[in-house]
Amino acid sequence: MHPVAHTIVVGIISYLVLIVVIRLSGKRTLSKWNAFDFVVTISLGSTLSTALVSTQVSLAQSLTAFAIIVLLQFAITFSSVRSPRVKNLVKSQPTLLLHAGAYRHAAMRQERVVEAEVMAAIRENGIADIENVHAVVLETDGTFSVIPEAGSSDSALDGVAGMPSSKS
């Protein structure tokens, strides 16, 4: 088959199969990304790219590669829900960047976040004074969560790195 015809045929079939495989794999595949999700997405893109431009790789090999990547993603996410050890390997922990109006500079340095980014997240939440913010958390997907008020137990902050233990 001519290389251009190969690209057209394999491209159309691979694209359609990739859509079906992603839909079958569930919402997790399309969720906000963490490092693991990024790797899966890059792997799928690289496989699609190879399928499109390489006449050395058959359509069956490309489709098998798609299935393997998605099955591995499913197996790892399935395992991470059931095993804290796997979860800790795959996902990072959210990190406290600001607490009770005070920056946590060591955590910010470790996460490579500057004050301007924290302030932008606070402004996006319609808050004018940093002192009125209970907490800002860098989530596992790289987004910022801004908690304007302390709760009675702060239970939503359980498991956040750097969160002071609650007073008993």
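Whatever comes next refers back to the structure up there.
One numbering rule holds for all chains: residues counted from 1, following each sequence as written. Totals for whole chains, interfaces and linings use every residue, but because this is a predicted model, local features are given only for residues with pLDDT of at least 70 and side-chain atom pairs only at 80 or more, for both listing and counting. The side-chain numbers reported here are obtained from all heavy atoms of the structure, hydrogens and water having been left aside.

1. As for unusual backbone geometry
Peptide bonds are, in most cases, trans, and in most cases residues other than glycine have a negative phi. Worth spelling out the cut-off: The buried label applies to any residue whose accessible area, calculated with a 1.4 Å probe on protein chains only, is under 20% of its type's maximum; exposed applies above 50%, and partly exposed to all values in between. Secondary structure follows DSSP: runs of H or I at least 4 residues long count as helices, runs of E at least 2 residues long count as strands, and numbering of each begins at the N terminus.
In the Ramachandran plot, Ala100 falls in the positive-phi region, its phi being about 50° despite a non-glycine side chain. Residue Ala100 is classed as exposed on the basis of its relative accessible area of 54%. The phi dihedral of Arg112 is positive, around 60°, even though this residue is not glycine. In this fold, Arg112 is placed in the loop between helix H5 (105-111) and helix H6 (115-124).

2. With respect to the side chain of Ser54
Formally: Here a polar contact is taken to be a pair of N or O atoms separated by no more than 3.5 Å, where protein atoms must pair a possible hydrogen donor with a possible acceptor and residues adjacent in sequence count only if both atoms sit in side chains.
Secondary-structure assignment places Ser54 in the loop between helix H2 (35-53) and helix H3 (59-82). When its relative accessible area of 16% is taken as the criterion, Ser54 is described as buried. Polar side-chain contacts of Ser54 include one of 3.5 Å to the backbone nitrogen of Val57.

3. Description of the sheet that holds strand S3 (residues 135-138)
Stated formally: Each pair of strands is called paired provided DSSP finds at least two bridges between the two strands. Note on definitions: a residue-residue contact is assigned when non-hydrogen atoms from the two residues lie within 4.5 Å. Throughout, an axis means a line fitted to C-alpha atoms (over the contacting stretch in the case of helices), and angles, computed between N-to-C directions, take values from 0 to 180 degrees.
Pairing is antiparallel across the open sheet formed by four strands, whose spatial order is S2-S1-S3-S4. What marks the edges here is a single partner per strand, and that holds for strand S2 (102-103) and strand S4 (144-147). Pairing geometry for S3 and S4, over four bridges, is antiparallel. Among the inter-strand pairings, Val137 is bridged to a residue of S4, identified as Ser145. Contacts from H6 reach strand S1 (95-99), S2, S3 and S4, with the element oriented near 60° to S4.

4. Quick look at the nonpolar core
Threshold: As used here, the term nonpolar core means buried Ala, Val, Leu, Ile, Met, Phe, Trp, Tyr and Cys residues forming a set that is joined through side-chain atoms within 4.5 Å.
With 15 residues, the main nonpolar core has Leu97, Leu98, Val118, Ile122, Val133, Val136 and Val146 as its most contacted residues. Those elements giving two or more residues to this core turn out to be S1, H5, H6 and S3. Among all residues touching Leu97, those that are not within four sequence positions of it are Ala102, Tyr103, Arg104, Ala107, Met108, Val113, Val118, Val136, Leu138 and Phe144. Core analysis: the second largest hydrophobic core is formed by ten residues, Leu44, Leu48, Phe66 and Ile69 among them.

5. Some points on a nonpolar patch on the surface
Note the following rule: Patch membership requires over 30% relative accessible area and the absence of a salt bridge. Like charges are linked within 9 Å, and nonpolar side chains (Val, Leu, Ile, Met, Phe, Trp, Tyr) within 5 Å. Exposure was quantified through the Shrake-Rupley algorithm and a 1.4 Å probe, taking into account, for residues, occlusion by the shown protein chains and nothing else. In what follows, salt bridge is the name for a side-chain nitrogen of Lys or Arg lying within 4 Å of a carboxyl oxygen of Asp or Glu.
A contiguous nonpolar surface patch, about 880 Å² in accessible area, is contributed by Met1, Val4, Ile8, Val9, Ile12, Ile13, Tyr15, Leu16 and Ile19. Turning to its location among the elements, Ile8 is positioned in helix H1 (residues 3-25).

6. Examining H6
As a reminder of what qualifies: For this quantity, the arc is that covered by the directions from the helix axis to the C-beta atoms.
Inspection of H6 places Val118, Ala121 and Ile122 among the buried residues, and these make up the whole buried set. End-on, the buried residues of H6 take up no more than an arc of 100°, which puts them together on one face. More than 90 degrees from the buried face of H6, the exposed residues found are Arg123 and Glu124. Buried-residue contacts for H6 involve S1, S2, H5, S3 and S4. The first or second residue beyond H6 is Gly126, which carries a positive phi of 75°.

7. Description of the pairing of S1
Here S1 lies mainly inside the structure; five of its five residues are buried. Here S1 pairs with S3 via four bridges, running antiparallel. In the sheet register, Thr95 faces S3, and the bridge partner there is Leu138. Between the end of S1 and the start of S2, which pair antiparallel, lie two residues, with Ala100 showing a positive phi angle near 50°.

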